[in-house]
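# Coordinates in review
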Amino acid sequence: MPDDQQDFIPPAKPYLGEEEIEAAVAVLRSGMVVQGPEVAAFEEEFTKVSGTAHCVAVNSGTSALQLALMAMGIGPGDEVIVPSFSFAASANAVRLVGAEPVFADIEPGSFCIDPDAAAALVGPKTAAIMPVHLYGHPADMTRLTALAERHDLAILEDACQAHGAQVDGRPVGSFGAAGTFSFYPTKNMHSLEGGMVSTDDAQLARTLRLLRNQGMEQRYQNEIVGANMRMTDVSAAIGRVQLGRLDGFTEQRRANAARLDAGITSVTTPPVAPGARHIYHQYTVRVPAEARDRALEQLKAAGIGSAVYYPIPIHKLAPYVGLGADLPETDRAAAEVLSLPVHPSLTAGDLDRVVDAVNALELN
Ligand SMILES: *Cc1c(COP(=O)(O)O)cnc(C)c1O
């Protein structure tokens, strides 16, 4: 328990309001709960976030990645260059389609894939690059797009943490052959569980629709081998309400981050690259590696929930051990990062408490 009797400030706070509940109940009462008109409307409305001609809804962000890779024709014998400093889903999706992840190091400022490191890993088996817009900061899509064009590689953007992030005014999810979004409850918007693939390619969108539904467009006229990765209309109805809140949520996150930036003096606050619009899925600072456990404890004692994303880079997780031996910036980030509360439910008083507690950390 916090010793000062103040409320504990959680590191994340999924929002589920009355409108979401009413929208879900309306679908339940209609009796038509599986993929239907709510999913179609959610897809259409989400194109405004992704900036693409098409969106295809699925049951999770991981499914979105897996299905996008399948639709792009990536499979056994192919390599996909991914950052090791991400959630395991980024690499798992590559393995799930039978391809091999090749782990690239990150840029220390953005925590996203380093285009030079990615370039050094391109080989005869490389089929695609998967930038991850980590914490809501966009990867360097200008340089990555140039790299992909130079070597005739596809790009699949993992935008699962980056709904509404932009590079030079252009939304993430619109740069690659496809982009993917997650609607898990802790993400910037949610649909209980859910995911979305964005693309400008009508043919790819059609393939994605087939793949998520057993390869069928017309019932029982299966055209290809597919999975069942459909989103329910209950989820889509919740997602549509959340989508209506997304701009407000994002502005609040950005305002909260600005307040933390202005107040925190004791540690390195998250830099933003020129032209980047950061949407602060996480607000992640660096602390000296040897002081991080103590910092977590001290923040907890002050009633502030902080968290480490991700303490173990993917190349050190059991399924991937032995890949990506030399990733110094990845290893350093995994040892130093600490994410502070930045979610839209924070009050001005909460933010002041976070700033004061961080500035009071004993880091030496
Ligand atoms: C959350 C997340 C995913 C997976 O999304 P789910 O909806 O949980 O399957 C993939 N990549 C990244 C970077 C994520 O943060």
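Residues numbered from 1 in each chain as written. Predicted model: local features only at pLDDT ≥ 70, side-chain atom pairs only at ≥ 80, totals over all residues. Heavy atoms only, no water.

In the annotation of an unreviewed UniProt entry, the protein chain is listed under the name Aminotransferase class I/II-fold pyridoxal phosphate-dependent enzyme and assigned to Glycomyces albidus. The heading Cofactor (unreviewed entry) in the UniProt record of the protein chain holds the text "pyridoxal 5'-phosphate". Under the Sequence similarities (unreviewed entry) heading, UniProt states for the protein chain: "Belongs to the DegT/DnrJ/EryC1 family." (UniProt positions renumbered as here; feature names shortened; annotations may be inferred.)

## Re the overall build of the protein chain
Along the backbone of the protein chain there are eleven helices and twelve strands. Taken over C-alpha atoms, the radius of gyration comes to 21 Å for the protein chain, in line with the 21 Å a tight globule of 364 residues would show. Scored against the burial criterion, the 364 residues of the protein chain give a buried share of 54%. At a minimum sequence separation of 6, the contacts of the protein chain that also span at least 24 residues come to 71%. (Helix = DSSP H or I, 4+ residues; strand = E, 2+ residues; numbered from the N terminus. Rg over C-alpha atoms; globule rule 2.2 N^0.38 Å. Buried < 20%, exposed > 50% of the residue type's maximum accessible area, 1.4 Å probe, protein only. Contact = heavy atoms within 4.5 Å.)

## Points about the site of the ligand
Near the ligand you find 15 residues, and of these Gly61, Thr62, Gln161, Ser182 and Lys187 are the closest. Side-chain polar atom of Asp158 to a nitrogen atom of the ligand: 2.8 Å apart, as the coordinates give it. Within the side chain of Ser182, an N or O atom sits 2.7 Å from an oxygen atom of the ligand. Of all the secondary-structure elements, those providing two or more residues to the shell around the ligand are α3 (61–71) and α4 (89–96). Per-element tally for the shell around the ligand: the top contributor is α3, with three residues. Residue composition of the shell around the ligand, grouped by class: five nonpolar, eight polar and two charged. (Near = heavy atom within 4 Å. Polar contact = N/O pair within 3.5 Å; in protein donor to acceptor, adjacent residues only side chain to side chain. Nonpolar A, V, L, I, M, F, W, Y, C, P; charged D, E, K, R; others polar.)

## Side note on the packing of aromatic side chains
The final tally for this structure, using the stated rule, is twelve aromatic pairs. Here Phe46 and Phe181 contribute two aromatic rings whose centre-to-centre distance is 4.9 Å and whose plane-to-plane angle is 75 degrees, an arrangement assigned as edge-to-face. Of this pair, Phe46 sits in helix α2 (residues 37–50) while Phe181 is found in strand β8 (residues 178–182), placing the two residues 135 residues apart along the sequence. On the basis of relative accessible area, Phe46 is assigned to the buried category, the value being 0%. On the basis of relative accessible area, Phe181 is assigned to the buried category, the value being 0%. Summarising the aromatic geometry, the rings of Phe103 and Tyr320 are spaced 5.8 Å apart at their centres and angled 90 degrees between planes, so their arrangement reads as edge-to-face. Remark: Tyr320 occurs in the loop between α9 (292–301) and α10 (328–336) and Phe103 occurs in strand β3 (residues 100–104); sequence separation between them is 217 residues. (Phe/Tyr/Trp six-rings, centres within 6.5 Å; stacked < 30°, edge-to-face > 60°.)

## A word on the domain arrangement of the protein chain
When the domains of the protein chain are assigned, the result is domain 1 (18–241) and domain 2 (246–359). Put simply, the middle of domain 1 and the middle of domain 2, counted by C-alpha atoms, are 24 Å apart. Between domain 1 and domain 2, the contact holds 36 residues from the first and 35 residues from the second. When the two sides are added together, the surface that domain 1 and domain 2 hide from each other amounts to roughly 3,000 Å², 61% of it contributed by carbon and sulfur. Taken together, domain 1 and domain 2 are joined by zero salt bridges. (Domains from an automatic or database assignment. Buried area = accessible area lost by both parts, 1.4 Å probe. Salt bridge = Lys/Arg side-chain N within 4 Å of Asp/Glu carboxyl O.)

## Some words on the pattern of salt bridges
Under the defined criterion, the tally for this structure stands at 18 salt bridges. Put simply, Arg245 and Glu20 hold a salt bridge, and the shortest N to O gap is 2.8 Å. In this pair, Arg245 sits in helix α8 (residues 233–263) while Glu20 sits in helix α1 (residues 18–30), placing the two residues 225 residues apart along the sequence. A salt bridge links Arg277 to Glu251; the shortest N-O distance between them is 2.9 Å. Of this pair, Arg277 sits in strand β10 (residues 276–277) while Glu251 sits in helix α8, placing them 26 residues apart in sequence. In this structure, a network of salt bridges that share partners links the residues Glu107, Asp116, Asp140 and Arg143.

## Looking at the pairing of strand β4 (residues 126–129)
Regular strands have side chains that alternate between both faces of the sheet. Relative to β4, strand β2 (residues 79–83) runs parallel, the two sharing three bridges. The residue bridging Ile81 from the neighbouring strand is Ile129, located in β4. Alignment of β4 against strand β5 (residues 154–158), held across two bridges, turns out to be parallel. Each residue of the ladder has a partner; that of Ile129, found in β5, is Ile155. Following the backbone out of β4, through helix α6 (residues 141–151) and into the adjacent parallel β5, one traces a crossover that is right-handed. (Pairing = 2+ DSSP bridges. Right-handed = clockwise from strand over helix to strand, strands pointing away.)

## Side note on the side chain of Ser90
Along the polypeptide, Ser90 turns up in helix α4. Given the relative accessible area of 1%, Ser90 is considered buried. Within the structure, Ser90 has its side chain in polar contact with the side chain of Asp158 (distance 2.9 Å). Non-local contacts of Ser90, meaning those with residues more than four positions away in its chain, are made with Leu65, Met130, Val132 and Asp158.

## Remarks on the sheet that holds strand β6 (residues 166–167)
The strand order across the open sheet formed by three strands is β7-β6-β10, and the pairing between neighbours is antiparallel. Both edges of this open sheet fall to β7 (170–171) and β10, since each of them pairs with a single strand only. Relative to β7, β6 is paired through two bridges, and the arrangement is antiparallel. Looking at β7, one finds that Gln166 is bridged to Pro171.

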